[in-house]
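Here are the chains, one letter per residue:
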Amino acid sequence: MIIKCKKESLVSGLGIVSKAVSSKTTYPILQCVLIEAKNGKIKFTSNNTDLGIETFIEGTVIEDGVSAIEAKLFTDIVRKLPDDIITVDTSDDIRAVITCQKTKYTIAYKSGNDFINIPPVTTDKSITISQYTLREIIRQTIFSISDNENNPIMTGEYFEVSGDKLTVVSIDGKRISVRNVELSENKDSVSVIIPGKSLNELVKIINGGVDDKVNIYFEKSYVMFEFGNTKVTSRLIEGEYYKITRFMSLDHSMIVTVDKRELIDAIDRTTLLIQETDKKPIIVSVKDDNNMYLRVDTNMGSFNENLEVEKEGGEIIIGFNPKFLLDALRVIDDDRVKIYMSDSKNPCIIKDDEGSFTYVILPININTAAY
């Protein structure tokens, strides 16, 4: 195999497929990027058996062939070469020769025949959305997945297609994030759990353009995202997702409408006094004077601030993990948010009137009599 490519094309292609290269594996071939040169096209492929990526890059094929080169070394070499045309030659049975201007590297490579192929995904069930929309709904929910591998269901996001609506849900046992997206047409019903690790790598690759589309194909064990010259295939998490309907329809006795930016800034100020080991809650009090009072007491000191709000209902004193509130508020685009609450023991719900997002946050138990 002999190919010639601009450095920027190689850097771009390697940057994409590197997201699915295994760092620790008993199969050394999975630490490689597979290079296929055929019919004038150059394709890079990586696969760690949970996530597989393939992408086509621009270049010239001098001689067809298939080779696997250790991904990290190959990437490091390419990045340090001059900004010019790079030739990759694996016509030798043992060594690959990488040259650019006066620089020449000779390194070992592996047979492409030993590479573990990415499983094919059927295209019977699919949806199409903009890359911007996909990136945003992942960004707006991914923070509330769990990193506890003992409960794999919570380490993924639930994607459900029903009619002309896509719903994405994440849950970590203490909070729930839900985003709803309207599709351009009715589609077959689908429900899958996609690993959060795969989605985190995906958002690093897609460019997020409003006019750039991504096709998402679903089947029993895998999901594939296709956009531009790239395909990202992820293994799905097996199991039944949690029934969250009851949390979405919790009774509430109070609705507080508050300026989002003011609330974010106030909560952010409280964190100066909260060490990670403290696990101290922020105390939220809403009284009849149409003010929301925020309070924190730690070994470092105390904090008090009040915000003007619009209120429907009585009074409440409730405690929250401030990080959970900030995570949700920071991904909401609205200038003002509505917070639904009932008492100090039940979750609060942050949602919009249109139903495009819902965030459920469980409270921290506090002695309300002390406040």
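Look up: the structure comes first, before these words.
Conventions used here
- Residues numbered from 1 in each chain as written.
- Predicted model: local features only at pLDDT ≥ 70, side-chain atom pairs only at ≥ 80, totals over all residues.
- Heavy atoms only, no water.
- Pairing = 2+ DSSP bridges.
- Helix = DSSP H or I, 4+ residues; strand = E, 2+ residues; numbered from the N terminus.
- Axes fitted to C-alpha atoms, helices over the stretch in contact; angles between N-to-C directions.
- Contact = heavy atoms within 4.5 Å.
- Phe/Tyr/Trp six-rings, centres within 6.5 Å; stacked < 30°, edge-to-face > 60°.
- Lys NZ or Arg CZ within 6 Å of the ring centre and 35° of its normal.
- Core = buried A, V, L, I, M, F, W, Y, C linked by side-chain atoms within 4.5 Å.
- Buried < 20%, exposed > 50% of the residue type's maximum accessible area, 1.4 Å probe, protein only.
- Parallel < 35°, antiparallel > 145°, perpendicular 65-115°, else oblique.
- Left-handed = near helix turned anticlockwise from the far one by under 90°.
- Nonpolar A, V, L, I, M, F, W, Y, C, P; charged D, E, K, R; others polar.

1. Digging into the pairing of strand β19 (residues 291-298)
Examined bridge by bridge, strand β18 (residues 282-286) and β19 share four bridges and lie antiparallel to one another. Looking at the pairing, V286 lines up with M292 of β19. Hairpin connection, β18 to β19: the antiparallel pair is bridged by four residues, and N290 has positive phi, about 60°. The pairing of β19 with strand β20 (residues 301-308) spans eight bridges and is antiparallel. From the neighbouring strand, R295 faces β20, where its bridge partner is N304. Linking two consecutive strands that pair antiparallel, namely β19 and β20, is a turn of two residues.

2. Structural notes on the sheet that holds strand β22 (residues 316-320)
Read across the open sheet, the four strands follow the order β20-β19-β18-β22; overall the sheet is antiparallel. The sheet terminates laterally at β20 and β22, the two strands that pair on one side only. Each neighbouring strand pair of the sheet contributes to a mean axis angle of 20°, computed without reference to strand direction. Bridging between β18 and β22 involves five bridges; their strand directions are antiparallel. Bridged to I283 within β22 is G319. Those strands touched by helix α6 (residues 260-270) are β18, β19 and β20, and its axis lies near 175° from that of β20.

3. What about the packing of aromatic side chains?
Tallied over the full model, the rule gives four aromatic pairs. Put simply, the rings of F143, F357 and Y359 pair up and form one aromatic cluster. It is K287 that lies over the ring of Y293; its NZ or CZ is 5.4 Å from the centre. Here the basic side chain of K351 rests over the ring of Y340, its NZ or CZ set 4.9 Å away from the ring centre.

4. Points about the nonpolar core
In this structure, F44, F74, L134, L166 and F225 are the most contacted members of the largest nonpolar core, which totals 59 residues. If one sorts the elements of this core by residue count, strand β13 (residues 175-195) sits on top with five residues. Judged by nonpolar contacts, the second largest core, of 37 residues, contains F143, V286, F324 and I350.

5. Let's talk about the environment of A68
Locating A68 in the fold gives a position in strand β6 (residues 65-70). Not counting chain neighbours up to four residues away, the residues in contact with A68 comprise I29, C32, V33, L34, Y109, K110, S111 and G112.

6. Notes on the packing of helix α3 (residues 131-139) against helix α4 (residues 196-205)
The axes of two packed helices give the description: the angle between them and the distance between them. Packing of α3 against α4 brings their axes to within 10 Å, and their N-to-C directions diverge by 135°. The orientation of α3 relative to α4 falls into the category oblique. For the pair α3 and α4, the sense of crossing is left-handed. For the pair α3 and α4, contact is made by L134, R135 and I138 and by L199, L202 and V203, respectively. Partitioning the contact of α3 with α4 into residue classes produces five nonpolar, no polar and one charged.

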